[in-house]
Protein chains: 2
Amino acid sequence: MPNQHTIAAWTALVTANRRVLETIERALKTAGLPQLSWYDALLELEKAGPSGIRPFALKERLLLPQYSLSRLLDRLEAAQLIDRHEAADDGRGQIVHLTELGLRTRQKMWPVYAETLLHCVEDRLSPNEAAELARLLAKLADAPS
Amino acid sequence: MPNQHTIAAWTALVTANRRVLETIERALKTAGLPQLSWYDALLELEKAGPSGIRPFALKERLLLPQYSLSRLLDRLEAAQLIDRHEAADDGRGQIVHLTELGLRTRQKMWPVYAETLLHCVEDRLSPNEAAELARLLAKLADAPS
DNA sequence: CCAATATACATGCAATTGCATTTACATTGG
DNA sequence: CCAATGTAAATGCAATTGCATGTATATTGG
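What counts and how
Residues numbered from 1 in each chain as written. Chains lettered and ligands numbered in written order. Predicted model: local features only at pLDDT ≥ 70, side-chain atom pairs only at ≥ 80, totals over all residues. Heavy atoms only, no water. Helix = DSSP H or I, 4+ residues; strand = E, 2+ residues; numbered from the N terminus. Near = heavy atom within 4 Å. Polar contact = N/O pair within 3.5 Å; in protein donor to acceptor, adjacent residues only side chain to side chain. Least-squares fit on C-alpha atoms with pLDDT ≥ 70 in both. Contact = heavy atoms within 4.5 Å. Nonpolar A, V, L, I, M, F, W, Y, C, P; charged D, E, K, R; others polar. 1 Å grid on protein atoms, 1.4 Å probe; cavity = no way out; pocket = protein on both sides within 12 Å on 5 of 7 lines; lining within 4 Å. Points joined across faces, edges and corners; volume = space filled by probe spheres on them. Salt bridge = Lys/Arg side-chain N within 4 Å of Asp/Glu carboxyl O. Phe/Tyr/Trp six-rings, centres within 6.5 Å; stacked < 30°, edge-to-face > 60°. Buried < 20%, exposed > 50% of the residue type's maximum accessible area, 1.4 Å probe, protein only.

Peer 1: Explain unusual backbone geometry to me, please; I cannot follow it from the model alone.
Peer 2: It is generally the case that most residues other than glycine have a negative phi and that most peptide bonds are trans. Positive phi is not limited to glycine here, since L63 of chain A has a value of about 55 degrees. Considering the arrangement of structural elements, one finds L63 of chain A in the loop between α3 (55–62) and α4 (66–78).

Here it is, written out as structure tokens:
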């Protein structure tokens, strides 16, 4: 049976996550921008640089189920934010690249996202508290053993 | 622009939340039990006691959108875990009660849920760390201003 | 070489979610 | 009293998610 602190921590984790996420999604929608999941994908694509990235690798970075990424890429491609080509060295796979429009879209999303983080996180925690929070949460984020 | 600690905290929050949630949902599904959202609702219904609770109040406790709760209650009712009656004093509303089966279902879910929390949270944090985590997260959980 | 197995990705279908709107009753100000 | 407004809850419809499975290529053990 978990002790009371464990339960309090987990409850607070769920609540905080919902509250912040909700606020971010609402801000993005209000600004006429895509969902946060698009941002995450676009950012990873940008980090991957001009060589692009394979979906199976992207899936690891984004912690998404395979089918979920497959469909996210469908939507990003339909919106012309990414390109998909066959992988030269693996007939099963493909390589995904960010388009110019994809880059610009992420850049337009960032100020809205950032503003919400300031409001919902930075204004509420000192730098030390934020660092401590990150440290504690990292302990929970490792792959389940 | 958020500082690096803010970003680290937010990223870790999202990741930790996903990892733990995923583990809980998988454990429940493997045990042939309903989703975590059902647990939360059943628990609140249990807390409400024999007088039951109005959906609009339940929605505040569960932090769910109105339509989302309405449909969750549809499913719980179809599974005979709750009863819904018209509210005696408000013709627009209803009162929701837990059934015997609803109570037993929550009781069957708890060991599975608890075991996952032990594994994913309690084993990874000292009691002091858990308490500190809860304290920090609570600062993020207040209604957005 | 090749059968067995593993990996990469897609997809049909059912369940769930989100959004906007609707229905019904309640409350309030004139 | 009653029109206007507010609140409780449901619902049509489109989008998203989850699950199971399918298709295609790659790898590996004998």
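Peer 1: Honestly, the protein's contact with DNA strand C in this entry has me stumped. Any pointers?
Peer 2: With respect to spatial proximity, 18 residues lie near DNA strand C, and among them F56, Q66 and S70 of chain A together with Y67 and R92 of chain B are the closest. Within 4 Å of the protein, the atoms of DNA strand C are drawn from sugar and phosphate moieties in a proportion of 56%. Take F56 of chain A: an N or O atom from its main chain is 2.6 Å from a phosphate oxygen of DNA strand C. The contact in question runs from a phosphate oxygen of DNA strand C to an N or O atom on the backbone of G91 of chain B, over 3.0 Å. When residues of the surface near DNA strand C are traced back to their parent elements, those giving at least two are α3 and α4 of chain A together with α4 (66–78) of chain B. Here the surface near DNA strand C takes four residues from α4 of chain A, the largest share from any one element.

Peer 1: What is the right way to read the relation of the copies chain A and chain B from this model?
Peer 2: Superposition of the two copies of the chain requires a rotation about an axis together with a shift along that axis. Mapping chain A onto chain B calls for a rotation angle of 180 degrees and an axial translation of 0.0 Å; the resulting RMSD is 0.0 Å. Taken together, the rotation angle and the small translation identify this as a two-fold axis. For chain A, the residue whose C-alpha comes nearest the rotation axis is L133 of chain A, separated from it by 3.2 Å. A symmetric contact is evident, with 100% of the interface residues of chain A recurring at the interface of chain B.

Peer 1: I'm lost on the protein's contact with DNA strand D in this one. Help?
Peer 2: Close to DNA strand D lie 18 residues, the nearest being Y67 and R92 of chain A together with F56, Q66 and S70 of chain B. Within 4 Å of the protein, the atoms of DNA strand D are drawn from sugar and phosphate moieties in a proportion of 57%. Contacts to DNA strand D include R54 of chain B, whose side-chain N or O atom sits 3.4 Å from a sugar or linking oxygen. One of the side-chain N or O atoms of S70 of chain B is found 2.8 Å from a phosphate oxygen in DNA strand D. Those elements that place two or more of their residues in the surface near DNA strand D are α4 of chain A together with α3 (55–62) and α4 of chain B. Ranked by residue count, the leading element in the surface near DNA strand D is α4 of chain B, at four residues. Grouping the constituent residues of the surface near DNA strand D by class yields four nonpolar, five polar and nine charged.

Peer 1: I would appreciate a short explanation of the layout of surface pockets in the present structure.
Peer 2: Where empty space is left can be seen by rolling a probe of water-molecule size over the atoms. Residues and elements named next belong to chain A. Put simply, the second largest pocket is a space of about 210 Å³. Around the second largest pocket, the lining residues are R54, P55, F56, K59, Q66, L69, S70, L73, R84, R92, G93 and Q94. For the lining of the second largest pocket, the elements supplying multiple residues, two or more each, are α3 and α4. Looking at which element gives the most residues to the lining of the second largest pocket, the answer is α4, with four residues.

Peer 1: Explain the pattern of salt bridges here, please?
Peer 2: Note on pairing: side chains with opposite charge can pair once their charged atoms come close. Here the structure, examined in full by the defined rule, presents 22 salt bridges over all chains. The salt bridge involving E46 of chain B is made with R106 of chain B; its shortest N-O contact spans 2.3 Å. Remark: R106 of chain B occurs in helix α5 (residues 100–120) and E46 of chain B occurs in helix α2 (residues 36–48); sequence separation between them is 60 residues. Several salt bridges converge on common partners, so that one network encompasses E129 of chain A together with E132, R135 and K139 of chain B.

Peer 1: In this structure, what is going on with the packing of aromatic side chains? I would like to understand it.
Peer 2: What describes a pair of aromatic rings is the distance from one ring centre to the other and the angle between the planes of the rings. Residues and elements named next belong to chain A. Counted under the stated rule, the structure contains six aromatic pairs over all chains. Summarising the aromatic geometry, the rings of Y39 and Y113 are spaced 4.9 Å apart at their centres and angled 85 degrees between planes, so their arrangement reads as edge-to-face. Of the two residues, Y39 sits in helix α2 (residues 36–48) while Y113 sits in helix α5 (residues 100–120), which places them 74 residues apart along the sequence. Exposure remark for Y113: the relative accessible area of 8% places this residue in the buried category. Measuring from ring centre to ring centre gives 5.7 Å for W110 and Y113, while their planes differ by 80 degrees; the resulting arrangement is edge-to-face. Taken together, the positions of W110 and Y113, both in helix α5 and three residues apart, correspond to about one turn of that helix. In this structure, W110 and Y113 share a single accessibility class: buried. What links up through ring pairs into an aromatic cluster is the set Y39, W110 and Y113.

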